[in-house]
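Survey of secondary and tertiary structure
Now for the letters of each chain:
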Amino acid sequence: MPGTERTWIVSVRSVLLPLLIVLSLCGMARAEGTVVGESYQSTATERNNARLVVEDLVGNLHVVYYDCDGVYHCVASGIGAGWSLPELVALGGRNPSIAVDSDNVLHLVYRIDTTTPLDIMHRTYDGEWSASESVYHDGVAGVTRPVVAVDSENGLHCVWQREGYGSTPNSEVWYKHAAPGGGWGGTAINVSSSYGASEYPTLTIDPDDNVYVFWKDSGEDIFSDKKVLLRKCTKGIGWDAEYTNVSNTTGNGSYATMDPCAVADTGGTVHLVWKDSQTGNREVFYKACVDGVWDATPTNISGTSTASGRPSISVDDRGCLYVVWEEKTDGIHYDIVHRTRGSAGGWSEMVNISESAGVDSRSASALPVTGPALCCVWTEGESVPYDIAFYYEETTGVAETEAGDGNLLRLRRNHPNPFSSTTTIRYELPEPGRVNATVYDACGRRVRTIVSERRAAGTHEIIWDGKNDSGADLAAGVYFCTVACGGRRATTRMVIVR
């Protein structure tokens, strides 16, 4: 692929037997990385509605997946670093989804199988895991496939699928919001209403904190053509009164229309991918919504004669899109493939990134790390145990060529560095906006908020005195300053000497 500088693949597995761990640490790696566990679930990464890999504000990578025992969590201290041994963090849990807030707190939601009916649960991680709390308990119907997202004020948003039951046979999509610093005590709402069989929800939040919820729906007749529906919640106004059919503007729906996955970029454009068979073959389609107007015609980005499905989409801070999906490359087995779309609008050629001949690679979940790069995980294998494969690829050539520097938030290295008393941090804003400049310690804990106010476009300086929010001197060591504005983010490494 043009512009590729580095590729890294590892497999992340849950700890089942000490012998497996010993063998893994002795070098039984799938590729260039380290094998650290296994899963006995063939869909350990599920479908691509939820994010299963994220990068926190100090560069740590987090992966979640599920096994027979529950949800596991692994951490790597950066690209190329070794993964921690998987930790069981949700006994009986399935369908995990994670997101990171601006305080560098990791949020995990998941379905739990140890209660009847099922519950949606939530835990946080900032070096240690919090106690679990219930997001939603119905008492009548089962719930599954939760997805979590964080807005600019650290409010939490969660959607999930509520199963049909008794007099209400159709499944529904439900939503709940937790205010910043608050719990999940509010009221959950049915955003799909009684339209039809509503499944596989996903959501994304734009820079203005408007919430977009997408799902697959069959209408009142569950045997009719499927479609991807959207319902938007505009901040300060509320939910749209009607749904928008974003997958089928021509009326030729498909029984295979499903698996929506969406992301909003820093300019507020919403990007959507899904699986469809409008062409007679299962393909991956793409649409964008610019200033509230959706593309009139979807783009077929797979365009192959073999089956394509389960797409996942992510975007970096330069507006470069990354779409991964599973493709039956040999007519029998699935591989994970991807295409990249630069901010200027051109799509790269399709690239096979798993190249797992003879075995299935399925259910990829994508999220870019800081800067232009593709980062994703997927489930791989033909039989138990299955690998959880992690993939990373720098794509600086594509992003820099098509994005340009004018849209970047630039954070210069602090000076002096190392320092003992004060240091100056300089950054450049491409446009005016609310700036949050935050200092984290080496474990990712927030220790100081230096700036939290609106600033004009241009160059700005911050002088930091090496103290925490309480005014106490911080110990000598490594710290990170993250500057965020308008969905853009940049981080620099600082060293205190005493």
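So, here's what we can say about the structure. On a predicted model such as this, the values are computed, not experimentally measured, just so you know. (Residues numbered from 1 in each chain as written. Predicted model: local features only at pLDDT ≥ 70, side-chain atom pairs only at ≥ 80, totals over all residues. Heavy atoms only, no water.)

Attention now goes to the environment of A296. Among the secondary structure elements, A296 is positioned in the loop between β22 (293-294) and β23 (299-300). According to the relative accessible area criterion, A296 is exposed, its value standing at 61%. Spatially, the C-alpha atoms of A296 and N248 are 9.9 Å apart, while their sequence positions differ by 48 residues. (Helix = DSSP H or I, 4+ residues; strand = E, 2+ residues; numbered from the N terminus. Buried < 20%, exposed > 50% of the residue type's maximum accessible area, 1.4 Å probe, protein only.)

Now for the pairing of strand β33 (residues 433-441). For β33, a buried count of 7 out of 9 residues is recorded, marking the element as mostly surrounded by other parts of the structure. Bridging between β33 and strand β34 (residues 446-455) involves 8 bridges; their strand directions are antiparallel. Residue pairing across strands places N436 opposite S452, the latter belonging to β34. Count of turn residues in the β33/β34 antiparallel hairpin: 4 residues, of which G444 carries a positive phi of about 90°. Sheet topology note: the β33/strand β36 (residues 477-485) ladder contains 7 bridges and is antiparallel. Looking across to β36, one finds that V435 is bridged to C485. (Pairing = 2+ DSSP bridges.)

As a further point, take empty space enclosed by the protein. Per the stated rule, a full pass over the model turns up 2 cavities of 30 Å³ or more. When its volume is computed, the largest cavity comes out at roughly 100 Å³. Lining the largest cavity we find E46, R47, N49, A50, N95, P96, R145, P146, V147 and P201. At the level of secondary structure, the elements contributing two or more residues to the lining of the largest cavity comprise β6 (93-100) and β10 (143-150). Here the element with the most residues in the lining of the largest cavity is β10; it accounts for 3 residues. Tallied by class, residues from the lining of the largest cavity come to 5 nonpolar, 2 polar and 3 charged. (1 Å grid on protein atoms, 1.4 Å probe; cavity = no way out; pocket = protein on both sides within 12 Å on 5 of 7 lines; lining within 4 Å. Points joined across faces, edges and corners; volume = space filled by probe spheres on them. Nonpolar A, V, L, I, M, F, W, Y, C, P; charged D, E, K, R; others polar.)

Another point: the packing of aromatic side chains. The final tally for this structure, using the stated rule, is 13 aromatic pairs. Judged by centre distance (5.0 Å) and plane angle (40°), the ring pair of Y125 and W129 falls under tilted. One exposure class covers both Y125 and W129, and it is buried. Here W215 and Y243 contribute two aromatic rings whose centre-to-centre distance is 5.8 Å and whose plane-to-plane angle is 90°, an arrangement assigned as edge-to-face. Here the residue W215 occupies a position in strand β15 (residues 211-217), and Y243 occupies one in the loop between β17 (238-239) and β18 (244-245), the gap between them amounting to 28 residues. Three or more aromatic residues joined by ring pairs form one cluster here, namely Y136, W160 and W174. (Phe/Tyr/Trp six-rings, centres within 6.5 Å; stacked < 30°, edge-to-face > 60°.)

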